[in-house]
Every structure is written in C-alpha cells, then in structure tokens.
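So you can see what is in the structure, the chains are spelled out below.
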Amino acid sequence: MKVFIKTYGCQMNERDSEAVGALFVQAGHTLCDHENDADVLLFNTCSVRDAAERKAKGKIGFMRKLKLRNPDLIIGVMGCMAQRLGDQLLAELPHLDFVLGTGQIHKALETAEKIAAERKKIANTDVAPEEIDMLGAHSVNSQSAQIAITRGCNRFCSYCIVPYVRGREVSRSKESILDEARSLVDSGVREILLLGQNVAAYGLNGDIRPPAEDHSPFAELLEELNEIPGLARIRYTSPYVSYFNTRLISALANCSKVCRNIHLPLQSGSDRILAAMNRQYTAQSYRDKVAQLRSAMPDLTFSTDVIVGFPGETEEDFNLTRELMNEVGFEQAYIFKYSPRPGAKSATLADTVSEEEKLRRNNILLDDLQLRIGAKLASLTGSTQEILCEGVSARNPARWTGRTGTNFVVHFDPDANVRPGYLRQVKITRSGNVSLFGELI
Ligand code: 5AD
Ligand code: SF4
C-alpha cells in the first residue's frame, strides 16, 4: 500500500508520524508525498487550539472527493483530535475509516491492514501507557533525529488540552532511550532532539512537585547521551522552568554536546495571569532562573511560548508580559492568541479579550521580537560560530545551511569538504532578518 501521512501540531506529533511511517515501511509498504497517489491517508491531528482542529477537519472533509473516486481508499485520523472526539469524528465525517487516539497510534499499521481486509470502521481511543516504547522506529534519513523521552503531561495548566488528550505523564526507560540514540548514531545521525511535554520532568514518576536541588534524572540522561561517540549535538524541548535545579544547570554547563539554547515557555509575565493559568512560578522566579542559567552559560539563547488574551488579561497584564519578554531578550518566540478548549479548566472563564485585541497584542509582541532578532543577528557579524551542516539551502541551491548551537540558521558557500552532519567553523559576514550569512573557515 502507498501511505500518505499529514501531520498537524507539535514536534511530538511530527515524531509520532515519522514512527508510524517507519512501521508501514518495515511491513513492506511505501510512503508517498501526495494524497492523490495514496491507498492510505493518515492525518495526525492536534487539539491545542480551535484553529488547529478546524484546519485538520477542513482538510479531512475535503478528502471525501478522493474517497468518492476511489472507494478502496483508507482514511484514518490519529492523535490529539482523534482522542478528543473519538467516535464523534466517524459520525461527522462518514468517509473516514478509522480513528486512533494518542495511546493507539502504534496500531495504525495493523488497523489499516485490517480495514483493507475486512472493510469495517474502527474507533479506538483506549489509554495505553504501557505501549510507550512501541513508537521507537525511525524513517527519516537526516543528520538530525528526534526521540520522545516522555509522553503525556501532569501539570494541568488551566488553558491546556494536552493532559486530557495525551493522558498522564510517563517516562521511557533510560536504557530504551540510550539504545534508540546509539542505533540512530550508528546509522549516521549527528544531532538528537529529545521530546516531551515537560522533558525536564523525565524520570520523576509523574510527581508534579519539582525535585530537590540535587536531583535530576533528566540531567543523568543528558550526561549519558553526552558520552555517545559520534553524536555531535543534543537538544531538548520543552522544559518547564521550575525544573532547572542546580543539578540540571551544572549538567547542562558540563555536557559539551548539549546545545546552548533553551525553549522556556513563559506564557505570561503577569503573576495574576500566571496564577490563573495554574503555572507554578512568578515573573520574578522566571527572571531569576534565566539569570541563574545565564551565569552558568553566558552564551545561552532563549526562545519561548506566550499566550495573549487569556481570560481577564488587562492592558497592564499584557504590558508586564511585553516588558519581561524584552528584558529576557528572547531570540525566538511563538505567540498564541488564547483559544478556549472544551474540557480545560479555563474554558469555564469568560473569554474577555476580543479577537481584535488579541490580534493587536499578538502583533505588538511580534514587532518587538522582529526588532530584537534583527539586532541580535547583526551583533553576531564578525564572530566565529560552530555550525552543524544541514545541506543545500532551500532558497538558493548554490548555498548550504547549517545551525549554530544557539539555534541561529547560517547560510554559506560549501567547499569540497562539506557534508551534512559535519561540524564546521564559520566566520559570520552579514545578517539578514531571520538568519546569518558566513564563510567556512
Ligand atoms: N490557547 C492558545 N494557546 C495555547 N497553547 C496551549 N494551549 C493554548 C490555548 N488554549 C500554547 C502554549 C503552549 C503552546 C504549545 O501552545 O503557549 O506552550
Ligand atoms: Fe497539539 Fe498539544 Fe497534541 Fe501536540 S500535544 S499535537 S501541541 S494538542
């Protein structure tokens, strides 16, 4: 069978889709890049904002045309929206064949094969935390690979659907993660991105209290990964700020392969809003943690997630967020307009900020960010940076791109000696709006 997989949402979803694709390939099927060529269409969906669900539903609805043309076509929906809506999706979209929730994604292959043989509809949203290691297969051939180290989330931020659709937080065993990492490196991978809803809670058995200052199973995992010969870089996303204790900060500073970039979701700079969001920190404790991290690693860069227009967010609350963002000087930020999610705690609060005002606040933060990124990139002109070479630039085939450990993209002219996955020194010659240009040394 030819299988087309379309993914919505976060990197965890990207990773799950890759693993599902690999399971199909291992069973002798092939992946294709276009829905028109496929015998099986899989949609791996997101529920984090209403817009994410609408987008996926629109696309899946549109697939009815393909099904009318080819009644043998198998169409399945997996992931967070599948978990949230379950059977309801089969009723709403009668051309669908199956729905698999977040705990059942590893069954996509057997489900599609079963439907091909028996032609019956299947919806399965059972929770199955014991299957956590079953999505370890990889199919992407690149210098960079992703490994899911935890699944689910126990934090219950009041706006967030994730704990309801991805279930309780479970950590994989260290051995299983290290085996996966070693086998990726054996197959040529040079950079590993560790994924989890709260990666720094790895190995804490779902306890939502941040651990004692000297205890961090995540730090121990990083230290062991750091020892893998042939691995050049380790990244991770996303950690919750409260879990950066002295044990973890010193491991980050001492592990030469762990990149100097942290995606550290802030969500809001107002204590009142942070409390309403059930975030277990204050603006000041966030600030202090950033200072502590920077004093251990002065070259660290930070990126973040922020929500504008949470219920009750006043102009004053918004300005506190804006000021804190400018003060920390995030090198990258993802800004979201608040979207009430049925089932999440905050959905019971009145959505007080108008769509128009959310957009205005969103644009102010984006403008600040653009100015800051431009200035930061310009300040790097003349510096020497180590990059991990990725390959030919998508925009200019004469050039290559690579990335610094601090997560800036660098374009450069290749020499005879450059390969994807090589670490090279580059002298930065100029900056653009979103990336750098340099010469190999
Ligand atoms: N509305 C808007 N943004 C949200 N996020 C999570 N839930 C919501 C919501 N209901 C954002 C948060 C999170 C990112 C993945 O999505 O900023 O960090
Ligand atoms: Fe979307 Fe969250 Fe699910 Fe990722 S975990 S797909 S962001 S709802």
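Our structure is the block above this text.
Residues numbered from 1 in each chain as written. Chains lettered and ligands numbered in written order. Predicted model: local features only at pLDDT ≥ 70, side-chain atom pairs only at ≥ 80, totals over all residues. Heavy atoms only, no water.

A. How the structure looks around the sheet that holds strand β16 (residues 400–404). Strand order in the closed barrel formed by 5 strands is β15-β16-β17-β19-β18, and the pairing between neighbours is mixed. The average angle at which neighbouring strand axes cross in this sheet is 50°, direction not considered. Relative to strand β19 (residues 436–440), strand β17 (residues 409–412) runs parallel, the two being bridged by 3 bridges. In the strand pairing of β19, histidine 411 is matched with phenylalanine 437. (Pairing = 2+ DSSP bridges. Helix = DSSP H or I, 4+ residues; strand = E, 2+ residues; numbered from the N terminus. Axes fitted to C-alpha atoms, helices over the stretch in contact; angles between N-to-C directions.)

B. Molecular detail of the site of ligand 2. Around ligand 2 sit Cys10, Asn13, Thr45, Cys46, Ser47, Val48, Cys80, Val162, Arg166 and Gln197, and that is every residue in its neighbourhood. Along the lines of polarity and charge, the residues of the shell around ligand 2 split into 5 nonpolar, 4 polar and 1 charged. (Near = heavy atom within 4 Å. Nonpolar A, V, L, I, M, F, W, Y, C, P; charged D, E, K, R; others polar.)

C. Molecular detail of the pairing of β19. Counted residue by residue, β19 has 4 buried out of 5 residues, so it is predominantly covered. Alignment of strand β18 (residues 423–431) against β19, held across 5 bridges, turns out to be antiparallel. By the bridge assignment, serine 431 is partnered in β19 with leucine 436. (Buried < 20%, exposed > 50% of the residue type's maximum accessible area, 1.4 Å probe, protein only.)

D. Quick look at the site of ligand 1. Close to ligand 1 lie Val48, Arg49, Tyr159, Gln267, Asp305, Ile307, Phe336, Lys337, Tyr338, Ser339 and Arg341, which account for all nearby residues. In this structure, tyrosine 159 approaches ligand 1 through a main-chain N or O atom, which is 3.0 Å from a nitrogen atom. Taken together, the residues of the shell around ligand 1 break down into 5 nonpolar, 2 polar and 4 charged. (Polar contact = N/O pair within 3.5 Å; in protein donor to acceptor, adjacent residues only side chain to side chain.)

E. Just the side chain of arginine 155, in detail. Along the chain, arginine 155 turns up in the loop between β8 (150–151) and α7 (162–166). For arginine 155, the side chain forms a polar contact with the side chain of tyrosine 243, separated by 2.6 Å. When near neighbours in sequence (up to four residues on either side) are disregarded, arginine 155 contacts Asn198, Ile208, Tyr240, Tyr243, Asn278 and Gln280. (Contact = heavy atoms within 4.5 Å.)

F. How the structure looks around the sheet that holds strand β10 (residues 191–195). Reading across the sheet, the 3 strands line up as β7-β10-β11 and stay open at both edges, with parallel pairing between neighbours. Every other strand in the sheet has two partners, leaving β7 (144–148) and β11 (233–237) as the edge strands with one partner each. Neighbour-to-neighbour, the strand axes of the sheet open up by a mean angle of 25°, direction not taken into account. Across 5 bridges, β10 lies against β11 in parallel orientation. Bridge assignment links leucine 195 to a residue of β11, and that residue is threonine 237.

G. The packing of aromatic side chains, seen in detail. Counted according to the given criterion, the structure contains 8 aromatic pairs. Judged by centre distance (6.0 Å) and plane angle (90°), the rings of tyrosine 240 and tyrosine 243 are edge-to-face. With a relative accessible area of 2%, tyrosine 243 lands in the buried category. For the pair tyrosine 281 and tyrosine 286, a centre-to-centre distance of 6.0 Å together with 40° between the ring planes defines the contact as tilted. In terms of burial, tyrosine 281 and tyrosine 286 fall into one category: buried. Aromatic ring contacts, followed pair by pair, group Tyr240, Tyr243, Tyr281, Tyr286 and Phe330 into a single cluster. Over the ring of tyrosine 8 we find lysine 6, and its NZ or CZ is 5.3 Å from the ring centre. Lying over the aromatic face of phenylalanine 437, arginine 430 brings its terminal NZ or CZ to 3.9 Å of the ring centre. (Phe/Tyr/Trp six-rings, centres within 6.5 Å; stacked < 30°, edge-to-face > 60°. Lys NZ or Arg CZ within 6 Å of the ring centre and 35° of its normal.)

H. Seen up close, the environment of glutamate 169. Mapped onto the elements, glutamate 169 comes out in the loop between α7 and β9 (170–171). Given the relative accessible area of 10%, glutamate 169 is considered buried. Sequence-wise, glutamate 169 and lysine 121 are 48 residues apart; in three dimensions their C-alpha atoms are separated by 30 Å. Apart from residues lying up to four places away in sequence, glutamate 169 is in contact with Arg151, Gly152, Cys153, Asn154, Asn198, Ala201 and Gly206.

I. Region of interest: the side chain of glutamine 385. Turning to its location among the elements, glutamine 385 is positioned in strand β15 (residues 384–392). For glutamine 385, a relative accessible area of 16% puts it in the buried group. Non-local contacts of glutamine 385, meaning those with residues more than four positions away in its chain, are made with Leu380, Thr404, Arg424, Gln425, Val426 and Ile428.

J. Representation of the environment of leucine 300. Within the secondary structure, leucine 300 sits in the loop between α12 (283–296) and β13 (301–308). For the pair formed by leucine 300 and aspartate 351, sequence separation is 51 residues and the distance between their alpha carbons is 36 Å. Beyond its immediate stretch of four places on either side in the chain, leucine 300 contacts Arg260, Asn261, Ile262, Leu293 and Arg294.

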